[in-house]
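Results of the structural survey
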Amino acid sequence: MAPKNQQHEDPSLHESVLNLTLERIAQALERLSPPPPPPTDLSAADAFVWHPPARLQPVPRVNRVEMSLLRGIDRVRDTLAENTERFARGLPANNALLWGARGMGKSSLVKAVHAETNKRLADIGPSSDARRLKLIEIHREDIESLPGLMGLIRDSHHRFIIFCDDLSFDTDDTSYKSLKAVLEGGIEGRPDNVVFYATSNRRHLLPRDMMDNERSTAINPGEAIEEKVSLSDRFGLWLGFHKCSQDEYLDMVYGYASHLDLTYDQAKLRAEALEWATTRGARSGRTAWQFVQDLAGRIGTVIPS
């Protein structure tokens, strides 16, 4: 026989106490969790940096060079500019992978094309302001959050270039699957108002030893790497950047020096530029710019910011 004090317990009382306790726990957890970020004002800037899970940081001034200063890449420059122009006007456009030699202006071209496209839109008239193209940079380590970013901007009336610089994947890195699903393969797919541009030193975004290892250990080597290599196929444009010749390198140097109005003996400029490239073991747009920066400092010329 149960004790007398347990015979008269009210089950509803226990339920009320339990519900009250759970409600207090939920309220305490809500107070501890950070408040949701305010919605981003996409008219605040033309460029943003993505910070997961849900914050777009405006970039008031983008670090870029003018399109006219990008030398030796005329074909890929025109191809990317035409693709971007079509996209900005609401016409079909491709995702683009800019791959190849370091320092040849891959990321500089993306930023310059974005600025040039918006400049052309502005020339059309004030009504084009609502259609200004937005550039969103996503860091390589945040690729897995790409679906969240897509969801945030999918219903916006703006059009977006999502840009990832130096994109590549190492052994056992599965984050490339998020990128594949967003670009083409997911249920929702890529939003109509989004195009994805990436730069990489690797054409297939994977290290060669990883691909060779997959081939050597698989029963069917072709099928073993098909899933990973197919990531590159999601990019309709493959734009190759190759090492420049001596003449192209000097053309870059002369172009930068002229743009900055540097007064210097032409013969000395050529000789010192070639020596600069030799000591660094590379000729590229980046090397040319670094030399011109050094020259400007030595002759006391301030480079405008």
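Note: the structure precedes this text.
Residues numbered from 1 in each chain as written. Predicted model: local features only at pLDDT ≥ 70, side-chain atom pairs only at ≥ 80, totals over all residues. Heavy atoms only, no water.

Remarks on the packing of aromatic side chains
Counted according to the given criterion, the structure contains three aromatic pairs. In this arrangement the basic side chain of Arg159 is found over the ring face of Phe87, its NZ or CZ atom lying 4.4 Å from the centre. The aromatic ring of Trp276 is capped on one face by Arg280, whose charged end is 3.5 Å from the ring centroid. (Phe/Tyr/Trp six-rings, centres within 6.5 Å; stacked < 30°, edge-to-face > 60°. Lys NZ or Arg CZ within 6 Å of the ring centre and 35° of its normal.)

Considering the packing of helix H10 (residues 266-280) against helix H11 (residues 285-298)
At a closest axis distance of 10 Å, the pairing of H10 and H11 adopts a crossing angle of 125 degrees. The pairing of H10 with H11 is recorded here as oblique in orientation. Note that H10 runs across H11; the crossing there is right-handed. Packed against H10, whose contacting residues are Leu269, Glu272, Ala273, Trp276, Ala277 and Arg280, the element H11 presents Thr287, Gln290, Phe291, Asp294, Leu295 and Arg298 at the interface. Among the residues forming the contact of H10 with H11, the class breakdown is six nonpolar, two polar and four charged. (Axes fitted to C-alpha atoms, helices over the stretch in contact; angles between N-to-C directions. Helix = DSSP H or I, 4+ residues; strand = E, 2+ residues; numbered from the N terminus. Parallel < 35°, antiparallel > 145°, perpendicular 65-115°, else oblique. Left-handed = near helix turned anticlockwise from the far one by under 90°. Contact = heavy atoms within 4.5 Å. Nonpolar A, V, L, I, M, F, W, Y, C, P; charged D, E, K, R; others polar.)

Remarks on the environment of Gln266
Note on placement: Gln266 falls in helix H10. Judged by relative accessible area, Gln266 falls into the partly exposed class, the value being 46%. Along the sequence, Gln266 and Tyr254 sit twelve residues apart, while their C-alpha atoms lie 8.9 Å from each other. (Buried < 20%, exposed > 50% of the residue type's maximum accessible area, 1.4 Å probe, protein only.)

Considerations on unusual backbone geometry
A negative phi holds for most residues other than glycine; trans holds for most peptide bonds. For the bond from Pro52 to Pro53, the omega torsion is 15 degrees, close enough to zero to count as cis. Inspection of the secondary structure puts Pro53 in the loop between strand S1 (47-51) and strand S2 (55-58). Positive phi is not limited to glycine here, since Asp166 has a value of about 60 degrees. Taking the relative accessible area as the measure of exposure, Asp166 reaches 46% and is therefore partly exposed. Positive phi, close to 55 degrees, is recorded for Asp261, a residue that is not glycine.

Topic: the side chain of Arg140
Residue position: Arg140 is located in the loop between strand S4 (133-137) and helix H5 (146-153). In terms of polar contacts, Arg140 uses its side chain to reach the backbone carbonyl oxygen of Ser168, at 2.6 Å. Those residues within four positions of Arg140 in sequence are excluded, and the remaining contacts are Cys164, Asp166, Leu167, Ser168, Phe169, Asp173 and Ser175. (Polar contact = N/O pair within 3.5 Å; in protein donor to acceptor, adjacent residues only side chain to side chain.)

Brief notes about the sheet that holds strand S3 (residues 96-100)
What the seven strands build is an open sheet, ordered S2-S1-S4-S5-S6-S3-S7; its pairing is mixed. Each edge of the open sheet is held by one strand with a lone partner, namely S2 and strand S7 (237-241). With direction set aside, neighbouring strand axes in the sheet form an average angle of 25 degrees. Judged from the five bridges that link them, strand S5 (residues 159-164) and strand S6 (residues 194-200) form a sheet pairing that is parallel. Counterpart to Phe163 in the pairing with S6 is Tyr197. Sheet contacts for helix H3 (residues 74-88): S3, S4, S5, S6 and S7; angle to S7, the most-contacted strand, approximately 150 degrees. Contacting S1, S2, S4, S5 and S6, H5 crosses the sheet at an angle of about 165 degrees to S5. (Pairing = 2+ DSSP bridges.)

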